[in-house]
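# Examining the three-dimensional arrangement
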Amino acid sequence: MSQNLSTEPVVAIVVAAGSGVRLGGEVPKAVRPLAGRPLVSWSVAALAAGGVTEVVVVVGDGLQDVFAEALADAPIPWRIVIGGATRQESVARGIAALPPGEIVLVHDAARPLVPVEVVRAVIEAVRSGAPAVIPVVPMSDTIRQVAGAGSVVVDRSGLRAVQTPQGFARDVLVSAHAAAAGREYTDDAAVCEASGYEVLLVPGSREALKITEPYDLAVAEAIVAGRR
Ligand code: C5P
């Protein structure tokens with residue numbers, strides 16, 4: 001890459017347009033309170049602490065006002081756009097609304113407690129020239145692959161669980177998403193890989209857990225209490 005990225009602003013897309021049915025509750029998952037503050041507010045604050053300068057938050061249709069209220073205390077400028085039927089489509093809509101900046105992070109609103117060190121590491125790796133960067137953690141459980149009625153144990157030493165924020169050179173993310181339209185991938189690194197870009201792994205953190213079920217919210221509450 002010929003660009004000098006050392007002074008580039010870092011912009012982020014926070015995807016928050018999922019239904020969150022597994023968590024239950026009356027309000028959309030991303031605005032559920034964690035220690036009295038909406039998940040999306042935690043996520044944006046974590047990105048800002050790590051060096052993100054502006055954020056696009058992708059939300060479900062009709063929820064703009066709810067999210068605007070949840071973001072009222074955000075430490076960086078934000079804009080809201082309406083998401084799509086899949087996570088990939090929601091990211092694509094976020095890309096279309098991105099402010100200027102050659103380094104782009106994509107983060108799940110459902111990972112409110114990502115540590116500042118992880119955000120910084122992802123940004124630094126992109127600044128250093130990596131086209132696509134993902135935070136990962138080793139598997140702690142024994143893993144089995146099921147096939148029909150049977151199952152086989154898998155060697156977990158070579159497996160990693162992938163987290164967010166994922167970081168990208170802007171032109172890489174933009175062109176890879178355009179090329180991937182119509183084919184579904186579960187994350188943006190896979191989208192970039194499909195276009196031939198190499199994906200760099202950096203250490204993630206257990207604290208960057210994705211809030212999916214009520215149990216996860218209880219764990220997150222405990223993490224927040226431990227940080228105080
Ligand atoms: O469904 P999953 O847990 O993989 O979602 C990860 C993130 O993607 C969540 O933050 C969710 O709000 C977001 N998402 C989205 N648009 C969708 C589906 C998921 O923004 N259509």
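Everything below is about the structure shown above.
As a convention, each chain's residues are numbered from 1 in the sequence order in which they are written. Only residues with pLDDT of 70 or above have their local features reported here, since the model is predicted, and side-chain atom pairs are shown and tallied only from 80 upward, although totals for entire chains, interfaces and linings are computed over all residues. Processing note: side-chain calculations cover all non-hydrogen atoms of the structure and skip hydrogens and water entirely.

With that settled, the discussion passes to the overall build of the protein chain. Starting at the N terminus, helices and strands are each numbered in turn, a helix being any DSSP run of H or I of at least four residues and a strand any DSSP run of E of at least two. Across its full length, the protein chain holds seven helices and twelve strands. Radius of gyration: C-alpha atoms only; globule rule: 2.2 Å multiplied by the number of residues to the exponent 0.38. Computed over its C-alpha atoms, the radius of gyration of the protein chain comes to 17 Å, within 12% of the 17 Å expected for a compact globule of 228 residues. With the principal axes as the frame, the protein chain shows a C-alpha extent of 50 × 45 × 35 Å. For each residue, the accessible area found with a 1.4 Å probe, counting protein chains only, is set against the maximum for its type, and the residue is called buried under 20%, exposed over 50%, and partly exposed in between. Sorting the 228 residues of the protein chain into buried and exposed places 46% on the buried side. In this description, contact between two residues means that some pair of their heavy atoms is separated by no more than 4.5 Å. Of the contacts made within the protein chain by residues no fewer than 6 positions apart, 71% connect residues no fewer than 24 positions apart. By element, 53% of the accessible surface of the protein chain is carried by carbon and sulfur atoms, the whole surface being about 10,800 Å². This count recognises Lys and Arg as positive and Asp and Glu as negative, with His and chain-terminal groups excluded. Note on charges: their place is set at NZ of Lys, CZ of Arg, CG of Asp or CD of Glu. Averaging the coordinates of the 19 positive side-chain charges in the protein chain and doing the same for the 24 negative ones gives two points 4 Å apart. Surface accessibility in these figures is a Shrake-Rupley result with a 1.4 Å probe; residues are shielded only by whichever protein chains are displayed.

Counting residues in hydrophobic clusters, the biggest one holds 34 residues, and the most contacted among them are Val14, Val40, Val44, Val52, Val57, Phe67 and Leu105. Among the elements of the structure, strand E1 (10-16), helix H1 (39-50), strand E4 (54-59), helix H2 (64-70), strand E6 (103-108) and helix H4 (116-127) are those that each provide at least two residues to this core. Broken down by element, this core gets its largest block of residues, six residues, from H4. When residues no more than four places from it in sequence are discounted, the contact partners of leucine 105 are Val10, Val11, Ala12, Ile13, Leu47, Val52, Val119, Val122, Ile123, Pro165, Gln166 and Gly167. Joining through side-chain atoms within 4.5 Å is the link that ties buried Ala, Val, Leu, Ile, Met, Phe, Trp, Tyr and Cys residues into a set, and such a set is a nonpolar core. Grouped together as the second largest cluster of nonpolar side chains are 25 residues, Val11, Val15, Val56 and Ala180 included.

This paragraph deals with the pairing of strand E9 (residues 150-154). Working note: regular strand, side chains alternate between the two faces of the sheet. Here, a strand pair is defined by DSSP locating no fewer than two bridges between the strands. Both strand E8 (residues 143-147) and E9 contribute to a ladder of five bridges, which runs antiparallel. Its bridge partner lying in E9, isoleucine 143 is registered against valine 154. The turn linking E8 back onto E9 is made up of two residues, and glycine 148 within it adopts a positive phi angle of 60°.

If you add up the space inside the largest pocket, you get close to 620 Å³. A cavity here means a set of 1 Å grid points, computed over protein atoms only, where a 1.4 Å probe fits but cannot escape. A pocket is an open set with protein on both sides within 12 Å along at least 5 of 7 lines, and lining residues have an atom within 4 Å of a point. Looking at the largest pocket, it is lined by 28 residues, and the ones nearest its centre are Gly18, Lys29, Arg87, Asp108 and Lys210. Counting residues per element, the ones that place at least two in the lining of the largest pocket are E1 and helix H3 (87-96). Each residue is assigned to one class: nonpolar for Ala, Val, Leu, Ile, Met, Phe, Trp, Tyr, Cys and Pro, charged for Asp, Glu, Lys and Arg, and polar for all the others, Gly among them. Residue classes in the lining of the largest pocket are distributed as ten nonpolar, eleven polar and seven charged. Estimated volume of the second largest pocket: approximately 350 Å³. As for the second largest pocket, its lining consists of 15 residues, and the residues nearest its centre are Val137, Pro138, Ser140, Ala161 and Arg206. Among the elements of the structure, strand E7 (132-138) and strand E10 (160-162) are those that each provide at least two residues to the lining of the second largest pocket. Considering only residue class, the lining of the second largest pocket consists of eight nonpolar, three polar and four charged. Grid points are joined across faces, edges and corners, and a volume is the space filled by probe spheres set on the points.

Note that all results are geometric; they support no functional claim without further evidence.
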